[in-house]
Amino acid sequence: MIEVRGLTCGYGEKTVLHDINLSVGKGEFFGIIGPNGSGKTTMLRAMTRLIRPAKGTVLLGGIDMKSLHTADVARKIAVVSQSMPLIEMTVREFVLLGRIPYYRKLQFFEKDEDTAIAERVMEMTGIRHLAGAFMSEMSAGEVQLAFIARGLAQEPQVLLLDEPTSHLDITHQAAILDLVKRLNRQEGLTVVIILHDLNLASEYCDRLVLMDGGRIKKVGIPAEVLDYETIEAVYRTVVVVRENPLSRKPFVMIVSEEVKEKCAGRS
Amino acid sequence: MTLSSATRMRRACPVVAVALITLCLALPAPTAAQKATKPLRIVSLSPAITESLYLLGLGENVIGVTTYCNKPSQVRAKEKVGTVIQPNLERILKLRPDLVLTMTLTDPRSIQKMRELGLNVVTFTIADTFSDLCDVFLQIGRATGRSEDAARLVNTARARVDAIRLRTARLPKPGVLVQIGSKPFFVATKDVFMNDFIEFAGAANVFRDVASGSVSREEAVLRDPDVILIVTMGLSGENERLAWKRFPTVKAVRNERIYVVDSDDVCSPTPVSFARSLSDIAALLHPREAKEFR
Amino acid sequence: MKRRSMGVLLPAACLFLAAAAVTAIASGSAGIPLRKVLTTILEGQATPEFGILMDIRLPRIILGFAVGGALSIAGVILQGMFRNPLVEPYTLGISGGAALGAALCIILKLHYVLPVTALPLSGFLGSCLVILPLYFLNMRRTVLRMQGILLTGVMMSFISSSLVFLIFAISKTQELHSIVFWIMGSLEEPSWTLILVLTAIVVACLFASFFFAPVLNALSLGEEEAVHLGIDTERAKKQLFLMASLLTGISVSLTGIIGFVGLIVPHFVRMLTGYDHRRLLVVSFLVGSGFLIFCDTIARTVISPIELPVGVITGILGGSVFIYVLARRQGLARPGGSL
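Throughout this description, residue numbers start from 1 for each chain and increase along the sequence as written. Written order determines the labels here, with chains lettered from A and ligands numbered from 1. This being a predicted model, a pLDDT of at least 70 is required before a residue's local features are given, and a value of 80 or more before pairs of side-chain atoms are given or counted; all residues contribute to the totals for chains, interfaces and linings.

Focus on the overall build of chain C
Thought 1: The secondary structure listing takes helices from DSSP runs of H or I that are at least 4 residues long and strands from runs of E that are at least 2 residues long, numbered from the N terminus. Scanning chain C from N- to C-terminus turns up 14 helices and 2 strands.
Thought 2: Throughout, the radius of gyration refers to the C-alpha atoms, and the reference size of a globule is 2.2 Å times the residue count to the power 0.38. Expected size for 339 residues packed as a compact globule is a radius of gyration near 20 Å; at 21 Å, chain C falls within 12% of this value.
Thought 3: Dimensions of chain C, computed from C-alpha atoms along their principal axes, come out at roughly 65 × 50 × 35 Å.
Thought 4: When burial is assessed residue by residue, chain C has 51% of its 339 residues classed as buried.
Thought 5: Contact definition: two residues whose C-beta atoms, as placed from backbone geometry, lie within 7 Å. The contacts in chain C between residues at least 6 apart in sequence include a share of 76% that link residues at least 24 apart. Using C-beta atoms placed from the backbone, we call a residue buried if 20 or more other C-beta atoms fall within 10 Å of its own, exposed if 12 or fewer do, and partly exposed for counts in between.

So this is what it looks like as structure tokens:
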């Protein structure tokens, strides 16, 4: 679905990503993990053409993204971020903005089709009852759901999410990731998601890519990527990896200083 | 061929003569007839013009003035049609004037608008010298059909001014500074008619040579005038006079020759008021010969 | 202030505009009562009253309609692009450039050479003198930097006003007066041609802006989000910037500086229509036109025969009403209370 070949890019003079080669298959739930500053967000921006690559290409469905118009890209890829709109608007108005890529040249009112789609995605994300409320009145979890709804309104093939759960409690974390997983499995939506919680990434993602200093450290299924040597090398902290008894996926445990000293003392 | 043209001319002469005479008798004398049937309705958009109109005996004909017009005192009762710069077009139009007289100070857009509305607008340039002042006065006379009165008044004023000039020519010339602004400090240069006042009154403008009047007080102190005239254009004259006490080295301050002159008298004058103010100023500048000038 | 639907707002705004126009045509120092207005227009062709209505009041109403609408739309566009509520058409220094152009025209006495067009033309060229550098200085590899435009614009505003003060210092009294009065803003314009040309351009821009409404809606989320929604933000920014600058430049060059309309009207209308630019643009245009016409009527009549500069009234009236509405709104925002 998405193929990255030899991508080198950055901001102005500074190069952030070096020679990235990656491919995300159709219908995959793909996770991007790595320490702060390793280039995860930059990678996402390169995939949406916000950043022009200095070298290399990004292919979307086999087509070079350079040749695609921004509206074409928006009909295929939807980005879910967190930036709260500064301007007062209702949830429905916000979700309807997701239909903009489908507006014809001279159209400036929504068609019935657009309103129907908006209602459907709000139903899917469970915020239909909040349609008339203002965005500023919603909780963080509800806002995130609205962003996902807007993304779904774009009727995309790929959903890109940038740390959608870092600021939420575990209830909402689970709810949102379950929703996205459902969309992935039932609607066939390809998902590329940046997560900083390694365990959530392990639990939900089909494949992971671990970034370090703008380069790919490792790509593969969670069991391959999340072994303690690799993690210690990249994150420079002591961890222990065990298998989660219910899902049989790797589970990463942080070793605190106290514990380290106790273990050292015992041996 | 010359012969036939000469014959033709000889035959034409009497015909032409008769035609001309008939024409002269048949056409009515326009100004005389109009003056007799309808008084001229005049709107004045400048205090100087208003004063001039009264001098020409046209006080009754003035139907609209600006809010700044206050001389002579009868003017206060006249209808106000706006300020010098921004005339109120609706009021003017409603008064149906025959003539609107303005200075170039008035917004040119308003002047053009009045012309487009069909009004007869005559614009005079603001005078910088006494002779320009006389020219403008004569123009006003011509525009209102009072050329003779205007000429008479101008000649009288000119005579008076010349007499003063003659007398002061033989007197020693004091250096004069004319202050017309305090925040910021502003003096009269040679490009305003204040300069004529000074020179005709037999004095020298210490700031004759500068291009713009916004000079520093330092420069003024350096040039050490014998006399300082403070023109009260919205200034508090007394405060300004006291402010000069900070510079006791200046001759004018030492000898207490700082005089406050009312701006109404010296700004926007007519030739007549010019002559009057000139004699007052000459008396100030030459106190020993003051009696001769009053 | 509750949000109202377009079914209520659009007729209300049109009514407001109509009321302002009717009040304007019936008010003035000549005191023509409303009943007489209609008869004068239909029958009294030769009377001075007819001249007053058609040649003095009507052009002012039309100019007020055009300029009030132009400044409001420019304000909506700029506030949407910059996502900054304090931005108005004059923040970018366009008015400063126009004032500089007009001041130069007056001291070089060009308006005696070309009476009708010199002053507006100089004003417009002056505003271009600001717009073009603003545009090109802030283009980095085909990307138009919005924050750069704002800062550069404010600086250019300061520079041009300082230059205007420089001109004040070296000019003669009568020139000084003319420049000051031009800057203070007035709907007095003798040339019907210029008024009608301006009105045509403004109405064309209003229709053009409709097509940018969805773009503006997307831009209000931020440039990055707008790209995600498929908007070609670079092209959109350039077109919108140029349109807003054009509207401001031609308005200022014809009428001088009439402030606050471009700032207050969008804010006020946004409280009623919400952020959606499809409603905001139209209603702002109508309310802005009506507002300016209304302020001009007050400026002409409140201390007749002296005419106040219309910018004085827009500032005082507009600012006060806005503060009142804002205070009431915040006062109602008690916990649990609805706005």
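A few points about the overall build of chain A
Thought 1: A tally of regular secondary structure across chain A gives 10 helices and 12 strands.
Thought 2: For 267 residues, the compact-globule formula gives about 18 Å, and the C-alpha radius of gyration of chain A, at 20 Å, lands near that figure.
Thought 3: The principal-axis extents of the C-alpha atoms in chain A amount to approximately 75 × 45 × 35 Å.
Thought 4: Across the 267 residues of chain A, 38% fall into the buried class.

Some remarks on the interface of chain B and chain C
Thought 1: Counting from both sides, the interface comprises 27 residues of chain B and, opposite them, 23 residues of chain C.
Thought 2: Counting only elements with at least two residues in the side of chain B that touches chain C, the list comes to α4 (89–95) and α5 (108–116) of chain B.
Thought 3: The dominant element in the side of chain B that touches chain C, judged by the number of residues it contributes, is α5(B), at 6 residues.
Thought 4: Under the scheme applied, nonpolar residues are Ala, Val, Leu, Ile, Met, Phe, Trp, Tyr, Cys and Pro; charged residues are Asp, Glu, Lys and Arg; polar residues are all the others, including Gly. Counted by class, the side of chain B that touches chain C contains 8 nonpolar, 10 polar and 9 charged residues.

So, helix α3 (residues 48–82) of chain C
All names here are of chain C.
Thought 1: Between its first and last C-alpha, α3 extends 49 Å over 35 residues, near the 51 Å set by a 1.5 Å rise per residue.
Thought 2: A residue's bend is simply the angle between two axes: one fitted to the seven residues ending at it, one to the seven starting at it. At L58, α3 shows its maximal bend, which comes to roughly 35 degrees, and the proline P59 appears one to four places after that position.
Thought 3: Of the residues flanking the end of α3, it is R83, one or two places downstream, whose phi is positive at about 50 degrees. Helices are assigned an expected span. That span is 1.5 Å times one less than the residue count.

What to know about the sheet that holds strand β6 (residues 77–80) of chain A
Residues and elements named next belong to chain A.
Thought 1: The mixed open sheet is built from 6 strands, whose spatial order is β6-β7-β8-β3-β9-β10. Two strands lie at the open edges of the sheet, namely β6 and β10 (215–220), each paired on one side alone. With strand direction ignored, the average angle separating the axes of adjacent strands in the sheet is 15 degrees.
Thought 2: When DSSP locates at least two bridges between a pair of strands, those strands are taken to pair. Relative to strand β8 (residues 190–194), strand β3 (residues 29–33) is paired through 4 bridges, and the arrangement is parallel. Within β8, the residue paired with I32 across the bridge is I194. To get an axis, a line is fitted to the C-alpha atoms, and for a helix only the part in contact is used. The angle between two axes follows their N-to-C directions and goes from 0 to 180 degrees.

A word on the environment of A:E110
Residues and elements named next belong to chain A.
Thought 1: Position of E110 relative to the elements: it lies in the loop between α3 (91–96) and α4 (112–124).
Thought 2: The exposure class of E110 is partly exposed, given the 18 C-beta atoms found within 10 Å.
Thought 3: Here the alpha-carbon distance between E110 and L97, two residues 13 residues apart in the chain, equals 9.9 Å.
Thought 4: Apart from residues no more than four positions distant in its own chain, E110 is found in contact with L96, R99 and T115.

Observations concerning the sheet that holds strand β2 (residues 14–24) of chain A
Residues and elements named next belong to chain A.
Thought 1: Taken in spatial order, the 4 strands make up an open sheet running β2-β1-β4-β5, and their pairing is antiparallel. Where the open sheet ends on each side, the last strands, each with one partner, are β2 and β5 (63–64).
Thought 2: Of the strand pairs in this sheet, strand β1 (residues 2–11) and strand β4 (residues 55–60) are connected by 5 bridges, and their pairing is antiparallel. By the bridge assignment for β4, V4 is matched with V58.
Thought 3: With respect to the sheet, helix α1 (residues 40–47) is in contact with β1, β2 and β4, its orientation differing from that of β2 by roughly 65 degrees.

Section: the nonpolar core
Thought 1: Buried Ala, Val, Leu, Ile, Met, Phe, Trp, Tyr and Cys residues whose C-beta atoms connect them within 7 Å together make up a nonpolar core. Core analysis: the biggest nonpolar cluster contains 245 residues, and A:V95, A:A146, A:A149, A:L160, B:V178, B:A201 and B:L278 have the highest contact counts within it.
Thought 2: If you count residues domain by domain, this core takes at least three from each of domain 1 (38–126) and domain 2 (172–293) of chain B.
Thought 3: Not counting chain neighbours up to four residues away, the residues in contact with A:A149 comprise A:V95, A:V121, A:M122, A:T125 and A:I127. Each domain span listed reflects an automatic or database assignment of domains.

Concerning the confidence of the model for chain C
Residue and element names in this part refer to chain C.
Thought 1: Per-residue confidence from the predictor is reported as pLDDT, a score between 0 and 100. On average, residues of chain C carry a pLDDT of 85, and 96% of them reach 70 or more.
Thought 2: Here helix α5 (residues 110–113) stands out as the element of chain C with the lowest mean pLDDT, 72, in contrast to helix α13 (residues 277–301), whose mean of 93 is the highest.
Thought 3: The low-confidence segment residues 333–339, where pLDDT is below 50, has 4 contacts with residues more than four positions distant or belonging to other chains.
Thought 4: Prediction confidence for the complex, expressed as pTM and ipTM, is 0.81 and 0.85 respectively.

Considerations on unusual backbone geometry
Thought 1: We note that A:R236 has phi near 50 degrees; this positive angle belongs to a residue other than glycine.
Thought 2: Assignment of secondary structure puts A:R236 in the loop between α9 (228–235) and β11 (239–243).
Thought 3: Not every positive phi belongs to a glycine, and B:R96 is a case in point at roughly 50 degrees.
Thought 4: Looking at the secondary structure, you find B:R96 in the loop between α4 and β3 (99–103).
Thought 5: You can call B:R96 exposed: it has 12 C-beta atoms within 10 Å.

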